[in-house]
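Close look at the chain arrangement
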Amino acid sequence: MATLPVLPLSESVLLPGMVIPVTLDAATQAAVDAARTAGDDTLLAVPRLDGEYGPVGTVAVIEKVGRLSSGEPAAVIRGLARGKIGSGVPGPGAALWVEVTRFEEPPVTERVRELATEYRKVVVALLQRRSAWQVIDAVERMTEPAELADSAGYAPWLSLEQRAELLAALDVAERLEKLTVWVRDHLAELDVSEKISEDVRESVEKTQREFLLRQQLAAIRKELGEDEPEGSADYRTRVEAADLPDKVREAAIREVDKLERASDQSPESGWIRTWLDTVLEMPWTVRTEDNTDLRTAREVLDADHSGLDDVKDRILEYLAVRNRRAARGLQVVGGRGSGAVLALVGPPGVGKTSLGESVARALDRKFVRVSLGGVRDEAEIRGHRRTYVGALPGRIVRAIREAGSMNPVVLLDEVDKLSAGYAGDPAAALLEVLDPAQNHTFRDHYLEVDLDLSDVLFLATANVADTVPGPLLDRMEVVTLDGYTEAEKVAIARGHLWPRQLDRAGLTPEDVTVTDEVLGLVASEYTREAGVRQLERALGRVLRKVAVELSTAPAVGAGAPGSGVVGAPRVAPFGFAAGLDEERPAADAPSPDRDTTVDVTLANLKDYLGRPRFTPESAERTAVPGVATGLAVTGAGGDVLFIEATALADGEPGLTLTGQLGDVMKESAQIALSYLRSHGPELGVDPAALHRRLHLHVPAGAVPKDGPSAGITMVTALASLATGRPVRPEIGMTGEVTLNGRVLPIGGVKQKLLAAHRAGLTEVIVPARNEPDLDDLPAAVRDQLTIHVVADVADVVRLALRPAEAGTLAHAA
């Protein structure tokens, strides 16, 4: 045991075998002076962390005392061995003296050698990554495990606490285990750090490379005279030069200021540039001059579409009002323009979409179409917030930008096909767009500036108004397109469809002829629709077959029986001679320029389209008692509906309903039966004939049906069954019935009467309260129909049933 002065170390830890410099202050100077006074220059270096001494120090010897390069006094000491600190004792000088027991390393065991080998491997691996080859050589020359372990005191990656813990560990095996774990942890940290550094370096190199290439590209463009300035300075110039509203200019200048402060590598710079490009592309002050000549506008509308007088009149009214306002200097009032919002509601194929282009041509305005079918995101209308990646303005803003003016005709196609999704309800977003009182300050989520839509003429199209939300429908002026009469279809086919299909088939009017009678037959017996889409397809099919005939017909020869080719027989198609197995030489192939003409007539129409698909069937269906002809409205327009009733010989009294009927239609059937049971004698119906098992069916069975308008038809069918008197085949009917026999008004009168006319009916029964709706019916159709307006279902039964024959009532009973 020895008595040594204590040298406190607060910024380092001395391990045996290490040589370190120690800056001398009052405490360390006293310890050095005491050791030198004692004559052997030996002292105890003890780490003092957080003001506390450790239990183990290092017996050290003073190698040299002098000054550092900075001029501070210092001493160089070398550690000799570990020493356990005992109790304090008095000694010379101001230093602290303690009793020290010198620790001698125990003999080396096999386990210690294995730990030393393992530690040496990880240390060498760490030093190799640092390229410290001289240190590696020094480590390889160390043979004693204790010396190898204590050399870790030089490691810069060990903290003071870890070095103090290493000094306090007297067992060599414990020291080696701790060091192995620490070195491995440090290696793992180095792996992560190097990966992060590599990623950062690659990113920086890529950015620097892109910057260099862009600078070179700008220099090349400048040399070629194609310099296109980029950056915030260019945007500021463009914004100041653009003709923008004051509020929009202020917002654009604010964004340019942000762009000037932002870094080129910042994602926000790209977002700001995209927003500024969108704002600068908008036609904020561009407006086209409207056509003020009402006569010319009407001629354009008539040339493009036959019929549709309601829409044409409304467009002319819009023009007339706008002209009057302009003449009086009232074109803009209170910041609002004179736009309009029309909803064109009608079945497919009546020309709703094409009417938008025609209106734009009549007004000399730009036209843009916005398809809304299947849209279920509110952002599609209002745009996305700019915080989202890939944000875009809404479809309304994009339509205005595409049109290039602030007063275009915007067609909102299929507005009834909108659906609400998890991202919101686009129909609700349209409320502001289509409200003339609000759309002069429409605000898109992407632009976030007011956009004036009050001068835009909005045309919305829909097949069924029932699926359009009530508040949205209330903002639009509804114009109903109920379909075309047969005469209008013939006129459309002659003036529009036939020329268009001739052009598509590569034919000329001299190649094929057709009469109005043929066109009328195609419209009535080969297609049965409110519009003309199927009619155009049928005409296209005819002309394609005509093209085949003309391409395979020889130049001369007698016409084959039934052939439509004048002066040319039918031949085997595609260049093969009839009865021959070899292909005709190319030199003999028919020329499309030969002088032949095909006449499409009533006689040969079947050769092109086959047998008629729609023939009058009312007489056949109503030939037996219990069948009545009703009228209905579907998404494709009006249609004829047959209602069949029969009585079973056995079974409990009651009513069976089939035909996929909805709840309202089922209730109508019950009301019809109850009315006849209670008022049967007044109509000549024996109530006992209805106290049986009755079955009422509404074909076609695969089509769902609902609504109250079949009420009087059901009464008529049951009355016909009970009396045995068939329903007159030429009569159709529609109307709701009450328990007291009142006939209530229904909707879709025009479409139903057009359907009755198409089906060949000549008489129609409608509710008396629907008589004003008959004014909308085309005069040609009204003249060909005998329309009975009734208020009591008893009148319906008297009109609809055939006169009673002898024995009929007895048979019914």
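Every chain is numbered independently, its residues counted from 1 as its sequence is written. Local features in this predicted model are restricted to residues of pLDDT 70 or higher, and side-chain atom pairs are both shown and tallied only at a pLDDT of 80 or more, whereas totals for entire chains, interfaces and linings draw on every residue. Here the side-chain values reflect all heavy atoms present in the structure, with hydrogen atoms and water set aside.

**Here we look at the pattern of salt bridges**
By convention in these notes, a salt bridge is any Lys or Arg side-chain nitrogen within 4 Å of a carboxyl oxygen on Asp or Glu. Scanning the model with the defined rule gives 43 salt bridges in all. For arginine 500, the salt bridge is made with glutamate 536, and the minimal N-O distance between the two is 2.9 Å. Taken as a pair, arginine 500 in helix H17 (residues 486-504) and glutamate 536 in helix H19 (residues 533-552) lie far apart in primary sequence, 36 residues in all. The buried label applies to any residue whose accessible area, calculated with a 1.4 Å probe on protein chains only, is under 20% of its type's maximum; exposed applies above 50%, and partly exposed to all values in between. On the accessibility criterion, arginine 500 (38% relative accessible area) is partly exposed. Connected via shared salt-bridge partners are Arg82, Glu105, Asp150 and Arg175. Strands are runs of DSSP state E lasting at least two residues, helices are runs of H or I lasting at least four, and both sets are numbered from the N terminus onward.

**Examining empty space enclosed by the protein**
Computed over the protein atoms alone on a 1 Å grid, cavities are sets of points where a 1.4 Å probe fits but cannot get out and pockets are open sets with protein on both sides within 12 Å along at least five of seven lines; a residue lines them when it has an atom within 4 Å of a point. Grid points are joined across faces, edges and corners, and a volume is the space filled by probe spheres set on the points. Within this structure, the stated rule accounts for three cavities of 30 Å³ or more. Lining the largest cavity are Thr485, Glu486, Lys489, Ala523, Ser524, Thr527, Arg528 and Arg758. Gly is put with the polar residues, along with every residue not named as nonpolar or charged; the nonpolar set is Ala, Val, Leu, Ile, Met, Phe, Trp, Tyr, Cys and Pro, and the charged set is Asp, Glu, Lys and Arg. Taken together, the residues that form the lining of the largest cavity break down as one nonpolar, three polar and four charged. Here the second largest cavity defines a volume of roughly 40 Å³. Lining the second largest cavity, in full, are Trp498, Val514, Val518, Leu519, Val522, Leu539, Val542, Val600 and Leu605. For the lining of the second largest cavity, the secondary structure elements donating two or more residues are helix H18 (516-526) and H19. Of all the elements, H18 adds the most residues to the lining of the second largest cavity, at three residues. Grouping the amino acids of the lining of the second largest cavity by side-chain chemistry returns nine nonpolar, no polar and no charged.

**Some thoughts on a positive patch on the surface**
On the surface, Arg541, Arg544, Lys545 and Arg613 cluster together into a positively charged patch. We classify lysine 545 as partly exposed; its relative accessible area is 35%. Every patch collects residues that have over 30% relative accessible area and no salt bridge, joining them within 9 Å if they carry like charges and within 5 Å if they are nonpolar side chains (Val, Leu, Ile, Met, Phe, Trp, Tyr). Accessible areas in this description were obtained via Shrake-Rupley with a 1.4 Å probe; residue shielding takes into account the shown protein chains only. In summary, the charge assignment counts Lys and Arg as positive and Asp and Glu as negative, without counting His or the chain termini. Lys charges are placed at NZ, Arg charges at CZ, Asp charges at CG and Glu charges at CD.

**Brief notes about the packing of helix H11 (residues 309-327) against helix H12 (residues 352-363)**
Contact pair H11 / H12: the axes reach a minimum separation of 12 Å and the direction vectors enclose 30°. Here H11 is positioned roughly parallel relative to H12, judged by the angle of their axes. Both H11 and H12 take part in a crossing whose hand is right-handed. Contacts between H11 and H12 involve Val311, Ile315, Tyr318 and Leu319 from the former and Leu355, Val359 and Leu363 from the latter. Every axis corresponds to a line fitted to the C-alpha atoms, with the helix fit spanning only the stretch in contact, and the corresponding angles, defined between N-to-C directions, vary from 0 to 180 degrees. Roughly parallel means an angle under 35 degrees; roughly antiparallel means over 145; roughly perpendicular covers 65 to 115; every other angle is labelled oblique. Two helices that cross are described as forming a left-handed crossing if the nearer one is turned anticlockwise from the farther one by less than a right angle, and a right-handed crossing if clockwise. Contact criterion: two residues are considered in contact whenever any of their non-hydrogen atoms come within 4.5 Å of each other.

**Describing helix H24 (residues 749-758)**
Counting buried positions along H24 gives ten out of ten residues, so the element sits mostly inside the fold. Along H24, the positions that sit buried rather than exposed are Val749, Lys750, Gln751, Lys752, Leu753, Leu754, Ala755, Ala756, His757 and Arg758. Glycine 760, located one to two residues past H24, shows a positive phi value of around 90°.

**A look at the confidence of the model for the chain**
Put simply, the chain has an average pLDDT of 82, and 90% of its residues get 70 or more. Think of pLDDT as the predictor's per-residue confidence, scored from 0 to 100. Counting interchain partners and residues more than four positions distant, the pLDDT-below-50 stretch residues 556-562 has 16 contacts. Low pLDDT, under 50, characterises residues 566-593; the stretch is placed with 43 contacts to residues that sit more than four places away or in other chains.

**Observations concerning the pairing of strand E3 (residues 42-49)**
With six of its eight residues buried, E3 lies for the most part within the structure. Where strand E1 (residues 2-9) lies against E3, four bridges are found, and the strand directions are parallel. Looking across to E3, one finds that leucine 7 is bridged to alanine 45. Pairing geometry for E3 and strand E5 (residues 56-67), over four bridges, is antiparallel. For leucine 43, the partnering residue across the bridge sits in E5 and is alanine 60. Between E3 and strand E4 (residues 52-53), which pair antiparallel one after the other, the connecting turn spans two residues, and aspartate 50 there sits at a positive phi close to 55°. For two strands to be treated as a pair, DSSP must find at least two bridges joining them.

**What about a nonpolar patch on the surface?**
Among the surface-exposed residues, Val192, Ile196, Val200 and Val204 lie close enough to one another that they form a single nonpolar patch of about 330 Å² accessible area. Its location among the elements puts isoleucine 196 in helix H6 (residues 172-224).

**Brief notes about the side chain of lysine 752**
With respect to the element layout, lysine 752 can be found in helix H24. Aspartate 773 provides the closest opposite charge to the buried, unpaired lysine 752, separated from it by 9.5 Å. Any pair of N or O atoms that falls within 3.5 Å is considered a polar contact. Within protein, one atom must be able to donate a hydrogen and the other to accept it, and sequence-neighbouring residues count only if both atoms are side-chain atoms. Within the local environment of lysine 752, its side chain forms a polar contact with the side chain of threonine 734, the two groups lying 3.0 Å apart.

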